[in-house]
Amino acid sequence: QVQLVESGGGLVQAGGSLRLSCAASGRTFSTYAMHWFRQAPGKEREFVAGISRSGVSTRYADSVKGRFTISRDNAKNTVYLQMNSLKPEDTAVYYCAAGPSIWTMSFDYWGQGTQVTVSS
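Here's a quick rundown of the structure. All values reported here derive from a predicted model rather than from experimental measurement.

Scoring rules and cut-offs
Residues numbered from 1 in each chain as written. Predicted model: local features only at pLDDT ≥ 70, side-chain atom pairs only at ≥ 80, totals over all residues. Heavy atoms only, no water. Helix = DSSP H or I, 4+ residues; strand = E, 2+ residues; numbered from the N terminus. Polar contact = N/O pair within 3.5 Å; in protein donor to acceptor, adjacent residues only side chain to side chain. Contact = heavy atoms within 4.5 Å. Phe/Tyr/Trp six-rings, centres within 6.5 Å; stacked < 30°, edge-to-face > 60°. Buried < 20%, exposed > 50% of the residue type's maximum accessible area, 1.4 Å probe, protein only. Lys NZ or Arg CZ within 6 Å of the ring centre and 35° of its normal. Pairing = 2+ DSSP bridges. Disulfide = S-S within 2.5 Å. Salt bridge = Lys/Arg side-chain N within 4 Å of Asp/Glu carboxyl O. Core = buried A, V, L, I, M, F, W, Y, C linked by side-chain atoms within 4.5 Å.

### Some details on the side chain of Ser 52
Relative to the helices and strands, Ser 52 resides in the loop between strand E5 (46-51) and strand E6 (58-60). Of note is the side chain of Ser 52, whose polar atom sits 3.3 Å from the backbone nitrogen of Val 56. Those residues in contact with Ser 52, other than ones at most four positions away along the chain, are Ala 33, Ser 57, Arg 72 and Ile 102.

Okay, here's the thing in structure tokens:
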């Protein structure tokens, strides 16, 4: 069993930055690919970024490429999402998820989410 807890959300002005963290319990963190998703009000949950178990491979949604960076620290059981040049359309609840592969949309565990609000 893995528990995921996101933190780091908040209110920021457009153009600003935030760093989200997702801390995982348990000793198996390094065996999971990790992902960030987001869900805006009235919209479906959408993929944001993913990182492989080792951290070598990453992938991003086109909407965040060049602005967001996903990283992980397996020694700390934590995955991060550095968000720069934030836009109002980035406003959403951000969730982390753990799954078997960076390339498959299959997830074993989800966090509870953290709110990010970008004001114009």
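### Structural notes on the packing of aromatic side chains
Applying the stated criterion to the full structure yields five aromatic pairs. Arranged with centres 5.8 Å apart and planes meeting at 80°, the rings of Tyr 32 and Tyr 109 form a pair that is edge-to-face. Here Tyr 32, found in the loop between strand E3 (18-24) and strand E4 (33-39), pairs with Tyr 109, found in strand E10 (residues 109-110); they are 77 residues apart in sequence, far enough to count as distant. The class of Tyr 32 is buried, set by a relative accessible area of 15%. Among the residues examined, Tyr 109 registers a relative accessible area of 17% and is labelled buried. Sitting above the plane of the Tyr 80 ring, Arg 19 keeps its charged end 3.9 Å from the centroid. Here the basic side chain of Arg 72 rests over the ring of Phe 29, its NZ or CZ set 4.5 Å away from the ring centre.

### Here's the deal with the pairing of strand E7 (residues 68-73)
Alternating residues of E7 divide into Phe 68, Ile 70 and Arg 72, all buried, and Thr 69, Ser 71 and Asp 73, none buried. Here six bridges tie E7 to strand E8 (residues 78-83), and the two strands are oriented antiparallel to one another. Each residue of the ladder has a partner; that of Thr 69, found in E8, is Gln 82. Between E7 and the antiparallel strand that follows it, E8, lie four residues; Asn 77 among them carries a positive phi value of about 55°.

### Details of the pairing of strand E1 (residues 4-7)
Where burial is concerned, the two faces of E1 differ: the one with Leu 4 and Glu 6 is buried and the one with Val 5 and Ser 7 is not. Two strands pair when backbone bridges link them, and E1 and E3 are joined in this way by four bridges, in the antiparallel orientation. Bridge pairing in E3 places Ser 7 opposite Ser 21.

### Some thoughts on the state of the cysteines
For the coordinates displayed, the defined rule picks out one disulfide. Across the disulfide from Cys 22 sits Cys 96; the S-S distance is 2.0 Å. Between Cys 22 and Cys 96, the S-S torsion sits near 55°, and that sign places the bridge as right-handed. With Cys 22 in strand E3 and Cys 96 in strand E9 (residues 92-99), the pair connects residues that are 74 residues apart, well separated along the chain. The exposure class of Cys 22 is buried, given its relative accessible area of 0%.

### A short note on the pattern of salt bridges
By the definition in use, this model includes four salt bridges. One connected set of salt bridges, linked through shared partners, spans Arg 38, Glu 46, Arg 67 and Asp 90.

### So, the nonpolar core
Membership of the largest hydrophobic core comes to 32 residues, with the highest contact counts inside it found for Leu 4, Met 34, Trp 36, Leu 81, Met 83 and Tyr 94. Of all elements in the fold, only E3, E4, E5, E7, E8, E9 and strand E11 (114-119) reach the threshold of two or more residues within this core. Apart from residues lying up to four places away in sequence, Met 34 is in contact with Leu 4, Cys 22, Phe 29, Ala 49, Gly 50, Ile 51, Ile 70, Arg 72, Val 79, Ala 97 and Ala 98.

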